[in-house]
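# Secondary and tertiary structure notes
These are the residues of each chain, in order.
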Amino acid sequence: MIRVMFLPFAMLLTSLTAAVAKAEEVTTFALDNGMEVVVIEDHRAPVVTHMVWYRVGSADEPVGVSGVAHFLEHLLFKATDTLESGEFSATVAANGGDDNAFTSYDYTAYFQRIAADRLPLMMQMEADRMENIRLTAEDIETERQVIIEERNQRTETSPGALAREQIRAAQYLNHRYGVPIIGWMHEMEALEMEDTLAFYDLYYSPNNAILVVAGDVYPDDVRALAEQYYGVIPAEPDLPERIRSEEPPQRAERRLIYEDGRVSNDYVTRSYLAPERDSGAQEQAAALVYLSEILGGSSFTSVLGTKLTFESDIALFTGAGYDAGSLDDTTFSISVVPAEGVSLADAEAAMDQALAEFMEEGIDPVQLERIRTQLRAAEIYARDDVDGLARRYGAALTQGLTVADVQAWPDILQAVTAEDIMAAAELVFDLNQSVTAYVVASREELTQ
Amino acid sequence: MIRVTLALCASLWAASVQAAVDIQQEVSPGGIDFWLVEETSIPFVALEISIEGGGALDRPGKRGAVNLMMALIEEGSADMDARTFQAAREALAASYVFDAYDDSVSISARFLTENQTEAVALLRQALTDPRFDEDAVERVRAQVLSNIASDAQRPNRIAGDAFYAAAFPDHPYGSDMSGTVESVAALTRDDLIQAHLDAVTQDRVHVAVVGDTDAATAGAMIDELLGDLPRTSPPPSEDVEFGLAGGVTVIDYPTPQSVALFGHSGLERDDPDFFAAYVLNHILGGGGFESRLMTEVREKRGLTYGVSTYLVPRVHAELVIGSVASSNDRIAEAIDVIRAEWARIAEEGVTQEELDAAKTYITGEYPLRFDGNGPIAEIMVGMQRVDLGPDYVVNRNDFVEAVTLDDVNRVAAYLLRPEALHFTVVGQPEGLETGPLPPISGQ
């Protein structure tokens, strides 16, 4: 069973975050103590998803304690004043529900899926651990071992994950996005109780939290329950403004070679610093969603797929990725796994030539309309997944967007033009803001 | 037509969770059985098709043929090459996923109501008239070979391949259905055409449709999709016994964390003790953080991020398996703890409290699975594959509730055999060597 989900693949995945529920199914309000509430109604099944999102993630950690946000997330399943260690999850399970949590750069979130009539109990327990955790020295010792094993499992045993860490560390010169969510091993090993409690006391507060309730519920009922359980928790007066060290102008192309004998297929990947969705200004990000789809979305019809797999024998796989949701500067990436007998240098040259040709040739209008249709359809399909909708709102609201931004996003996507996309491409494809990585089994093969 | 209206109940609080899933048992005009749930609130349809046979139908020396064939279904058909076909699919915003498994192949489709006629016609073309163009075959063959190479570097896959090869040496279960570098390299276009004739047939098909449609529309759609497929297919593979004795196999691999896959023989899905075994496994290692193994290995000792066990009733063999990953210097201790817990639950059984908690979770969680058109279609096809009727959805929690403490402990005593557990460990584990395991500590 997995307690934590990361978003470590964001650079390599394309995000089609187009879909939202119809506006009339979503209700939002705030409690007096500053806690925001989003209610998404879906009455098809008597089930509810209850989530609390904190506007704090690994990129908000103090220097020297990387991994503390994620470590704290684990520790929230230990004891409180009124619950024993493990009793939270045991109680959810004993009521026929599932629970878990996840940490990313910009947020930490806790959730339960359960019969809708169990919502009060979930709120009672979630509100309890917002202010009443009681950690022991033994909790710290054993759970620190668990997160170290988690890092072993997710990162140390995966050459791809290790390469991504190095790429992000090179991509971000000054921002904490360059530090892994799970933490650097040497800092994880030194995490202590004071580190976690300092983080907890400051950030786990109603005025830093968003409640998302999705499923077979009505907004008035949720409001009454939220006021009863969360409304009584005082706001944190010392909650700092969320200011993080920003990137300076990036002025040098960075190139890496990551060598690991466990790499089965060498590949080249490049990431560029890119703008993210900003409140009231999502148009550029919307254009980049299209650019990612056009260049690498479909292995059959995308520009890289067509040029490197179908019209030549350069590549086995190609891809492009753009993570539109991010509080600060995000990345846009392209990757090529060369076919047998093609060197990484030749693959990179072919990738660059394909990009150059694309900038010259522009966008195939038929391809553009296909992608527009798929983004519109994605809204329909997304309505079948109320959990996904809940996550969409929770993530957006912790990443500087508003409910209005989330609801405007599908229309903004539909309005993107070829000119918008080409302008965004001109902006993003700046080698001085890029990291190009060769991920290889053996460095010697590069010279052959 | 048989129509059964079902209410999904979590029995301890029956009034609270009642997801009405109205399953209609239908027969298409062409005679193909299918299950339908009409759900008109969102304008799309989810379609799930499973055809028994799968990779086990690979002909002698042609390991990987069914897998490669299924990967090529989306690579061109009728008068469309791969790119033309995909462009047509993308323009409809439909999705078709073709998969091959050891004992079946599957087709999962999702399409909008507004263009379902075109989406179904395109899917029919892919299923009935694939081209297997030479350039597509070579491109996908290279991708499959790349995946095989990649799997050879993944500790979990190395462990799985070795474990199953030793457990089922003369059976398709003993080899990966992707095939080997040699077998995949040798496959010809004729082999793929044969694999298509063998594995994509209508004689052992299971179909479920969920979404914005009705019985008449769905029946016609199913006939269009499947009606022209071959009506017979080769016999499936034979049943086989789990053939691996207790002990350890260590496979050296340079990595800081060892992975272990472990198991012994299990129980058939239609065994009268299946539900008792299911509850037992939940308590041992199937549940979440509350399972005994998670408590002992992770929560108390911090030896792993995750440990879990599964009942695996496959079509031709049954297993109880589990997996764990720990640092090289701690995996031996993790294995000691797992063996001790295996012995403890077999000898002492579980408590009434554990049984009650497990039942509440298992019955309460069941309705949560029915949370979308696609998941409901998958569940319905899964039920058909193991010969369950639509009423299983209502009766299933009663079967769970009927399990007694005596049942669980009786099953624990014969099903869980610590001395029979075989651990296949990939990594550089300290204090573990290939061979028999010492007596269980603390016993």
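Residues numbered from 1 in each chain as written. Chains lettered and ligands numbered in written order. Predicted model: local features only at pLDDT ≥ 70, side-chain atom pairs only at ≥ 80, totals over all residues. Heavy atoms only, no water.

All right, on to the overall build of chain B then. When helices and strands are tallied, chain B shows 15 helices and 14 strands. For 443 residues, the compact-globule formula gives about 22 Å, and the C-alpha radius of gyration of chain B, at 24 Å, lands near that figure. Expressed along its principal axes, the backbone C-alpha trace of chain B runs to roughly 70 × 55 × 35 Å. Split into buried and exposed, the 443 residues of chain B put 58% on the buried side. Here the contacts in chain B between residues at least 6 apart in sequence split such that 79% fall between residues at least 24 apart. Accessible surface, chain B as shown: approximately 16800 Å² in total, 50% of it carbon and sulfur. When the 31 positive and 70 negative side-chain charges of chain B are each reduced to one mean point, those points stand 3 Å apart. (Helix = DSSP H or I, 4+ residues; strand = E, 2+ residues; numbered from the N terminus. Rg over C-alpha atoms; globule rule 2.2 N^0.38 Å. Buried < 20%, exposed > 50% of the residue type's maximum accessible area, 1.4 Å probe, protein only. Contact = heavy atoms within 4.5 Å. Areas by Shrake-Rupley, 256 points an atom, 1.4 Å probe, with all protein chains shown as cover. Lys, Arg positive; Asp, Glu negative; His and termini not counted. Charge placed at Lys NZ, Arg CZ, Asp CG, Glu CD.)

Taken residue by residue, the interface counts 64 residues in chain B and 60 residues in chain A. On the chain B side of the contact with chain A, B:Arg83, B:Tyr305 and B:Leu368 bury the most area, a combined 16% of that side's loss. In this assembly, chain B and chain A are joined by 7 salt bridges. For B:Arg298, the salt bridge is made with A:Glu143, and the minimal N-O distance between the two is 3.3 Å. Counting across the chain B and chain A interface gives 25 residue pairs in polar contact (both at pLDDT 80 or more). Looking at the side of chain B that touches chain A, the elements that each hand over two or more residues are β2 (18-27), α2 (82-92), β8 (104-112), α4 (134-151), α10 (292-299), β13 (318-327), α12 (352-365) and α13 (373-385) of chain B. For the side of chain B that touches chain A, a count of residues per class yields 25 nonpolar, 23 polar and 16 charged. (Buried area = accessible area lost by both parts, 1.4 Å probe. Salt bridge = Lys/Arg side-chain N within 4 Å of Asp/Glu carboxyl O. Polar contact = N/O pair within 3.5 Å; in protein donor to acceptor, adjacent residues only side chain to side chain. Nonpolar A, V, L, I, M, F, W, Y, C, P; charged D, E, K, R; others polar.)

Across chain B, the average pLDDT comes to 93, with 95% of residues at or above 70. Confidence metrics for the complex model read pTM 0.92 and ipTM 0.89. (pLDDT = per-residue confidence, 0-100.)

This part takes up the sheet that holds strand β10 (residues 330-338) of chain A. Residue and element names in this part refer to chain A. Taken in spatial order, the 5 strands of this open sheet run β7-β11-β8-β10-β9, and their pairing is mixed. The sheet terminates laterally at β7 (254-259) and β9 (315-322), the two strands that pair on one side only. Between one strand axis and the next, the sheet turns by 15° as a mean value, whatever way the strands run. Judged from the 7 bridges that link them, strand β8 (residues 267-274) and β10 form a sheet pairing that is antiparallel. Bridging from a neighbouring strand, Thr269 pairs with Ser335 of β10. With respect to the sheet, helix α5 (residues 159-171) is in contact with β7, β8, β10 and β11 (434-440), its orientation differing from that of β7 by roughly 160°. Contacts between helix α9 (residues 283-296) and the sheet are confined to β8, β9 and β10, with β9 contributing the most and set at about 175° to the helix. (Pairing = 2+ DSSP bridges. Axes fitted to C-alpha atoms, helices over the stretch in contact; angles between N-to-C directions.)

All names here are of chain B. If you look at the biggest cluster of nonpolar residues, it comprises 63 residues, and the most contacted ones within it are Val279, Leu280, Ile338, Leu415 and Leu416. With 9 residues, helix α11 (residues 331-348) is the largest single contributor of residues to this core. There are two domains that each give this core at least three residues, and those are domain 1 (32-226) and domain 2 (247-379 + 388-427). Residues in contact with Ile338, not counting those within four places in the same chain, are Phe262, Leu293, Val297, Val307, Val324 and Phe423. (Core = buried A, V, L, I, M, F, W, Y, C linked by side-chain atoms within 4.5 Å. Domains from an automatic or database assignment.)

Now for the UniProt feature "domain: Peptidase M16 C-terminal" (unreviewed entry) in chain B. With numbering aligned to this structure, UniProt lists the feature "domain: Peptidase M16 C-terminal" (unreviewed entry) at residues 187-360 of chain B. Strand forms 22% of residues 187-360 of chain B and helix 41%; the C-alpha atoms that close the span are 51 Å apart. (UniProt positions renumbered as here; feature names shortened; annotations may be inferred.)

This next bit is on the UniProt feature "domain: Peptidase M16 N-terminal" (unreviewed entry) in chain B. The residues that UniProt annotates with the feature "domain: Peptidase M16 N-terminal" (unreviewed entry) are residues 39-180 of chain B. Along residues 39-180 of chain B, the helical share is 44% and the strand share 20%, with 44 Å between the first and last C-alpha atoms.

Moving on to the domain arrangement of chain A. Many analyses report the size of an interface as the accessible area lost when the parts associate. All names here are of chain A. Parsing chain A into structural domains produces domain 1 (23-229) and domain 2 (254-447). On a C-alpha basis, the centres of domain 1 and domain 2 stand 29 Å from each other. With 37 residues of domain 1 at the contact, the number on the domain 2 side is 36 residues. In this assembly, domain 1 packs against domain 2 so that about 2800 Å² is buried in total across both faces, 63% of it on carbon and sulfur atoms.

In this section: the UniProt feature "domain: Peptidase M16 C-terminal" (unreviewed entry) in chain A. As recorded in UniProt, the feature "domain: Peptidase M16 C-terminal" (unreviewed entry) lies at residues 192-375 of chain A. The span residues 192-375 of chain A is 40% helix and 21% strand, and its two end C-alpha atoms sit 46 Å from each other.

Once that is clear, we can look at the sheet that holds strand β12 (residues 307-313) of chain B. Residues and elements named next belong to chain B. On the basis of which strands lie adjacent, the open sheet formed by 5 strands has the order β10-β14-β11-β13-β12 and mixed pairing. Of all the strands in the sheet, the pair left with one neighbour each is β10 (247-252) and β12. The average undirected angle you get between the axes of adjacent strands in this sheet is 15°. In terms of strand pairing, strand β11 (residues 257-265) meets strand β14 (residues 422-427) through 5 bridges, oriented antiparallel. Residue pairing for β14: Gly263 is matched across the bridge by His422.

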